[in-house]
Amino acid sequence: EVQLVESGGGLVPPGGSLRLSCAASGFTVSSYWMYWVRQAPGKGLVWVSRINSDGTETDYADSVKGRFTISRDNAKNTLYVQMNSLRAEDTAVYYCARALVGSTRAPPFRYYNYMDVWGKGTTVTVSS
Amino acid sequence: DIQMTQSPSSLSASIGDRVTITCRASESIGTHLNWYQQKPGKAPKLLIYAASILQTGVPARFSGSGSGTDFTLTITSLQPEDFATLYCQQSYTTPLTFGGGTKVESK
């Protein structure tokens, strides 16, 4: 079964650090683009970061750039995000997601980039 | 950044109703538009990608259309399990951005 399981969330004071993990099963993370998406309490979805399939490209939302680092361990088939200098506004449920990126082989001929597998999320609370 | 605006932000509907949600991008994104459904306490679930392609396993009562800046998600006959929040998301460029969500509630 294709599955993602996040862990590592918790309560951390402002300025603190946390590393979230996302363990994959049923597929190989190094074969896919992988994303982190977060959702503050009662709010909508916000994209946080992504890493491409060969690990050569990473990208971040401006709100986390310079503070968060996405990475993966191919041997452990796990995605990570290292979160430093945490702020109250980083409080959220953090989801990891697998993305499929490519183009369709049959009509309608389209490019696509979508998140087809999501974990259940892990909660990060930044508070003193 | 590309802004995604959904309307309405919420709606009330009955079982069997036809429901239409719109999503507008602040600039043209071609068909780089995905739709997700989220139920309380759960992860989002992909419904439609590339504006109009139904994800495997998603009921055919869901459909998507549009290109450029204007997109639509339609549920042809609302079912009890469809009460949820729906999000559009552009995948044209980073930062990827989501619409604010449309909450579909029972009338």
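This text follows the structure it describes.
Notes on the structure in this doc start here.

Comments concerning the environment of V81 of chain A
- Following the sequence through the fold, V81 of chain A ends up in strand β8 (residues 78–83).
- Discounting chain neighbours no more than four positions away, the residues touching V81 of chain A are L18, R19, L20, W36, F68, T69 and I70 of chain A.

Notes on the interface of chain A and chain B
- Counting residues at the interface gives 23 residues for chain A and 22 residues for chain B.
- Between the two partners, chain A and chain B, sit 0 salt bridges.
- Across the chain A-chain B interface, the total number found is 10 residue pairs in polar contact (both at pLDDT 80 or more).
- Every element with two or more residues in the side of chain A that touches chain B is listed here: β4 (33–39), β5 (45–51) and β10 (111–118) of chain A.
- With 7 residues, the single largest contributor to the side of chain A that touches chain B is β10 of chain A.
- When the residues that make up the side of chain A that touches chain B are grouped by side-chain class, the tally is 12 nonpolar, 5 polar and 6 charged.

Remarks on the state of the cysteines
Residues and elements named next belong to chain A.
- Under the counting rule described, the total for this entry stands at 2 disulfides over all chains.
- Across the disulfide, C22 is cross-linked to C96 (sulfur-sulfur distance 2.0 Å). Given an S-S torsion of about 65 degrees, the disulfide between C22 and C96 has right-handed geometry. Linking C22 in strand β3 (residues 18–25) with C96 in strand β9 (residues 92–103), this pair joins segments that are 74 residues apart in sequence.
- Using a relative accessible area of 0% as the deciding quantity, one classes C22 as buried.
- By relative accessible area, C96 is classed as buried at 0%.

Structural notes on the pattern of salt bridges
- Taken as a whole and judged by the stated rule, the model has 10 salt bridges over all chains.
- The shortest N-O distance in the salt bridge between D59 of chain A and R50 of chain A comes to 4.0 Å. Each member of the pair, D59 of chain A as well as R50 of chain A, is classed as buried.
- The salt bridge involving E105 of chain B is made with K103 of chain B; its shortest N-O contact spans 3.7 Å.
- Given a relative accessible area of 43%, K103 of chain B falls into the partly exposed group.

Cut-offs and rules
Residues numbered from 1 in each chain as written. Chains lettered and ligands numbered in written order. Predicted model: local features only at pLDDT ≥ 70, side-chain atom pairs only at ≥ 80, totals over all residues. Heavy atoms only, no water. Helix = DSSP H or I, 4+ residues; strand = E, 2+ residues; numbered from the N terminus. Contact = heavy atoms within 4.5 Å. Salt bridge = Lys/Arg side-chain N within 4 Å of Asp/Glu carboxyl O. Polar contact = N/O pair within 3.5 Å; in protein donor to acceptor, adjacent residues only side chain to side chain. Nonpolar A, V, L, I, M, F, W, Y, C, P; charged D, E, K, R; others polar. Disulfide = S-S within 2.5 Å. Buried < 20%, exposed > 50% of the residue type's maximum accessible area, 1.4 Å probe, protein only.

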